[in-house]
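If you want the building blocks of each chain, they are given just below.
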Amino acid sequence: MQNVSYRPVAADCFSDDERAAVYKAIYTRRDVRDQFLPKPVLDDILMRLLDAAHHAPSVGFMQPWNFIIIRDEARKAEIYRAFTRANEEAKVLFGDERQALYASLKLEGILKAPVNLCITCDRTRGGKVVLGRTHNHQMDLYSTVCAVQNLWLAARAEGIGVGWVSIYRDQDMRHILGIPGHVEIIAYLCVGYVDELYDAPELQKRGWAKRLPLENLIFQDQWQETTSISSDLPHQDPADASLATPSTSD
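The structure displayed is predicted, hence computed values, not measured ones.

Conventions and cut-offs
- Residues numbered from 1 in each chain as written.
- Predicted model: local features only at pLDDT ≥ 70, side-chain atom pairs only at ≥ 80, totals over all residues.
- Heavy atoms only, no water.
- Helix = DSSP H or I, 4+ residues; strand = E, 2+ residues; numbered from the N terminus.
- Contact = heavy atoms within 4.5 Å.
- Pairing = 2+ DSSP bridges.
- Axes fitted to C-alpha atoms, helices over the stretch in contact; angles between N-to-C directions.
- Phe/Tyr/Trp six-rings, centres within 6.5 Å; stacked < 30°, edge-to-face > 60°.
- Lys NZ or Arg CZ within 6 Å of the ring centre and 35° of its normal.

Draft legend 1. Region of the structure containing the side chain of Arg133. Tracing the backbone through its elements, the reader meets Arg133 in the loop between strand S2 (115-122) and helix H5 (139-157). What Arg133 contacts, discounting residues up to four positions off in sequence, is Val59, Met62, Arg123, Gly127, Lys128, Met139 and Asp140.

Draft legend 2. Focus on the sheet that holds strand S1 (residues 65-70). An order of S1-S2-S4-S3 is seen for the four strands of this open sheet, with the pairing classed as antiparallel. In the strand order of this sheet, the two ends are held by S1 and strand S3 (160-165), each with one partner. The mean inter-strand angle of the sheet, taken between neighbouring strand axes irrespective of direction, is 25°. Bridge count between S1 and S2: six bridges; the pairing is antiparallel. By the bridge assignment, Asn66 is partnered in S2 with Thr120. Contacts from H5 reach S1, S2, S3 and strand S4 (183-193) within the one sheet, and its direction differs from that of S4 by about 5°. Lying over the sheet, helix H6 (residues 170-177) contacts S1, S2 and S4, oriented at roughly 75° with respect to S4.

Draft legend 3. Layout of the packing of aromatic side chains. By the definition in use, this model includes seven aromatic pairs. Ring centres 4.7 Å apart and planes at 80° place the aromatic pair Phe219 and Trp223 in the edge-to-face group. Feature note: the residues Phe94, Tyr102 and Trp208 constitute an aromatic cluster, connected by ring pairs. The cationic tip of Arg29 hangs over the ring face of Trp152; the distance from NZ or CZ to the ring centre is 4.5 Å. Cation over ring: Lys39 sits above Tyr193, and NZ or CZ is 4.1 Å from the ring centre.

The structure is reproduced here in structure tokens:
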């Protein structure tokens, strides 16, 4: 076996500006549905985002992800039709008092975003026995979700918006994109430039939900039973106050 020596590098902390930039990306990241611009996402920029995703942590270094880039308008139209069918099914699952609000929400940017991106997880990559997945077989899925988050934060730094579409039937997406059975669909993303973002999550601004207080979600040493926190007031998002709040209409 070849001996390979690795030299550690300094784990220096970030400068104040670098640290602030990381937190700004986290706090101002939004799920974009309707703010996409027609400006194309150039290949070198898209590759930077995919490279950021590819540098996500993965258990056993199995790197189970693949990235399907969709720019073809006809293919996007197929995806949109699959979303529309599923969205009608989803609407009736909510009570009467929420159906009207649900119907008013724009929950995708499939046709408007210049780039659509399907991120998958190949569950066979690395073989039957993978370091770190021997007792928790879901770790490849969790690893791929980390890749999604990496891409999302990198996109925010580039001024590019990302929207996660989750309302579709799995078999429809598999058929349209030719995804084999051993590969799991993790995320369908709409990607494109934006010049405005909401100053808080859109679902919070539209009255659908609110951010839970962090202190109510932290336990010490073991699980603790808690009272309902659904009536607590949301905390202010620590986002850049200079961000404009766009209209929800086209």
